[in-house]
Amino acid sequence: MYLKAIELENFKSFARKHRIELKPGFTAISGPNGSGKSNIGDAILFVLGPKSSKVIRANKLVDLIYDGGKTGRKADYCRVSLIFDNSDRVLPIDENEVKLTRYIKRTNNENGYNSYFYINDEPARLQDFESLLMHAKIDADGYNFVKQGDVTRIVEMTPVERRQILEEIAGISDFDREIEKAENKKKSVEEDMEKIKVLLEELENRLKVLEKDREVALRYRELEDRLKELKAGIAYSKMMNSRQQMDSYRRQVEKYEEKIKHLEEEVNERKGELENVK
Ligand code: ATP
Ligand code: MG
C-alpha cells in the first residue's frame, strides 16, 4: 500500500483542480521558496485530520481554502483526495485503489465551514478514516510524516525530548497515556466512593431518626385506639345508668298513677255515699 496520487482543488495556493502523481521512485518536490511545496504536505495531513489545525499551518480550517492570492477570486470550498494503491489489501477494502476525500465549504455557522469526508466517493466520517488508516499504522498526529523543520527540531532537542518522540513512535506513550487515564479514572472513582460513603452515613443517621419517629407514631396510634375504647366504655356505662334510672322513674310513675286511680275511685265512692246520705 502506498500513496499513489494527490488531487487538490482550491487548497491553499492550489487554485482550481490539480493532480499530483507520486510515481514509483518519486522522492522529492522541489521549487522556489513559497511556491507551495509544504502546502502539498499540508494537503496530505488535512485529509488525515490532525487534532489541531496548527499542524497544517492554519489558524482556522477556512484558512486552507484558496484565498484568491493577489488577484484571483476567493473560493468557497476546498477538496483534497488521497489515492492509495491498495493492491496488497492492507486497507480492509476490496478495491485496488482507495480514495479518501475531505471537503470543506464556507458557511455562516459558528465554525464558518462544514466538513465532509468520503471513502471512494461514499460519504463517511473522520472516525472511519482513522479506523481505516489504523490498518496501515498511519496517524495524522503520529510521526509518519516528517514536516519541514522537524529534522532540525529533532536535532536541537534535549535527550529527554528526543526519548519522548521515540516513546511516542514505539507506542509507549500510548500506554503511558492509558495508565494516566486509568489512574485519573481510579482517582475520580475513589472520590465518588468517598462521596457515596458520606451520603450513606447521612442516610443511615436519617434512617435511625425515622425509625424512632415510626416507633413514636405507632405508640401514639396504640394509645389513641385505647383512648377511643375507654371513651366508648364510659359512654356505654353512662347510657346503661340512664336507662336504669329511666326504668326506675317509669316504675315510680306507674305506682303514682295506680295510687291516683285508687284515690279517684275512693273519691267517687265517697261522692256516692254522700249522695245517698242527702
Ligand atoms: P519554502 O521553500 O519557503 O518552505 P514552500 O514551497 O514550502 O516554501 P508553502 O509554505 O507551501 O511554500 O506555500 C506558501 C505559499 O502558500 C504562500 O505564498 C502563501 O501565500 C500561499 N498560501 C497559503 N495559504 C493560502 C491560501 N489560503 N490561499 C492562497 N494561497 C495561500
Ligand atoms: Mg516549505
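The structure presented is a predicted model; accordingly, all values stated were derived computationally and were not measured.

Draft legend 1. Region of interest: the site of ligand 1. By nearness alone, 16 residues border ligand 1, and G34, K37, S38, N39 and D63 come closest of all. In the model, an oxygen atom of ligand 1 is placed 3.3 Å from a nitrogen or oxygen of the S35 main chain. Within the side chain of S38, one N or O atom sits 2.7 Å away from an oxygen atom of ligand 1. Contact with the protein chains covers 72% of the free accessible surface of ligand 1, which is 650 Å².

Draft legend 2. Geometry of the pattern of salt bridges. Across all of its chains, the model carries 19 salt bridges by this definition. A salt bridge links K12 to D42; the shortest N-O distance between them is 2.8 Å. With K12 in the loop between β1 (2-11) and β2 (14-21) and D42 in helix α1 (residues 37-48), the pair connects residues that are 30 residues apart, well separated along the chain. Given the relative accessible area of 3%, D42 is considered buried.

Draft legend 3. Examining the side chain of D85 more closely. Considering the arrangement of structural elements, one finds D85 in strand β3 (residues 77-85). One buried charge, D85, has no salt-bridge partner; the nearest side chain with opposite charge is K4, at 4.2 Å. Apart from residues lying up to four places away in sequence, D85 is in contact with M1, Y2, K4 and N96.

Draft legend 4. Layout of a negative patch on the surface. On the surface, a cluster of negative charge is made up of E194, E201, E202 and E204. Mapped onto the fold, E204 is located in helix α5 (residues 172-277).

Draft legend 5. Summary view of unusual backbone geometry. For R57, which is not a glycine, the phi torsion comes out positive at approximately 50°. Along the chain, R57 falls in the loop between α1 and β3. Of the residues examined, R57 reaches a relative accessible area of 49% and is grouped as partly exposed. At R89, a position not held by glycine, the phi torsion is positive, near 55°. Note that R89 resides in the loop between β3 and β4 (97-106).

Draft legend 6. Region of the structure containing the packing of helix α4 (residues 159-170) against α5. Relative to each other, α4 and α5 sit at 85°, their axes nearing to 4 Å. With respect to α5, the axis of α4 lies roughly perpendicular. Here Q164, E167, E168 and A170 of α4 lie close against α5, whose contacting residues are I172, S173, D176 and R177. Along the lines of polarity and charge, the residues of the contact of α4 with α5 split into 2 nonpolar, 2 polar and 4 charged.

Draft legend 7. Inspection of the sheet that holds β3 at higher detail. Taking strand neighbours across the sheet as the criterion, the 6 strands line up as β2-β1-β3-β4-β5-β6 in an open arrangement whose pairing is antiparallel. Whereas interior strands pair on both sides, the edge strands pair on one side only; in this sheet they are β2 and β6 (122-124). The average undirected angle you get between the axes of adjacent strands in this sheet is 20°. In the sheet, β4 pairs with strand β5 (residues 113-119) via 7 bridges, with the strands oriented antiparallel. Bridge assignment links R106 to a residue of β5, and that residue is Y113. Each of β1, β2, β3 and β4 is contacted by α1, which is oriented at about 100° to β1, the strand it contacts most. Here helix α2 (residues 126-134) sits on the sheet in contact with β3, β4, β5 and β6, set at roughly 40° to β5.

Draft legend 8. Focus on the nonpolar core. Residues I6, F46, V80, L82 and L100 are the most contacted members of the largest nonpolar core, which totals 40 residues. Within the residue set of this core, elements represented by two or more residues are β1, β2, α1, β3, β4, β5 and α2. Of the residues forming this core, the biggest block, 7 residues, is contributed by α1. For F46, the residues in contact, after removing those within four places along its chain, are F11, I56, L64, C78, V80, R102 and I104.

Conventions we followed
- Residues numbered from 1 in each chain as written.
- Chains lettered and ligands numbered in written order.
- Predicted model: local features only at pLDDT ≥ 70, side-chain atom pairs only at ≥ 80, totals over all residues.
- Heavy atoms only, no water.
- Near = heavy atom within 4 Å.
- Polar contact = N/O pair within 3.5 Å; in protein donor to acceptor, adjacent residues only side chain to side chain.
- Areas by Shrake-Rupley, 256 points an atom, 1.4 Å probe, with all protein chains shown as cover.
- Salt bridge = Lys/Arg side-chain N within 4 Å of Asp/Glu carboxyl O.
- Helix = DSSP H or I, 4+ residues; strand = E, 2+ residues; numbered from the N terminus.
- Buried < 20%, exposed > 50% of the residue type's maximum accessible area, 1.4 Å probe, protein only.
- Lys, Arg positive; Asp, Glu negative; His and termini not counted.
- Contact = heavy atoms within 4.5 Å.
- Patch = residues over 30% accessible without salt bridge, like charges linked within 9 Å, V, L, I, M, F, W, Y side chains within 5 Å.
- Charge placed at Lys NZ, Arg CZ, Asp CG, Glu CD.
- Axes fitted to C-alpha atoms, helices over the stretch in contact; angles between N-to-C directions.
- Parallel < 35°, antiparallel > 145°, perpendicular 65-115°, else oblique.
- Nonpolar A, V, L, I, M, F, W, Y, C, P; charged D, E, K, R; others polar.
- Pairing = 2+ DSSP bridges.
- Core = buried A, V, L, I, M, F, W, Y, C linked by side-chain atoms within 4.5 Å.

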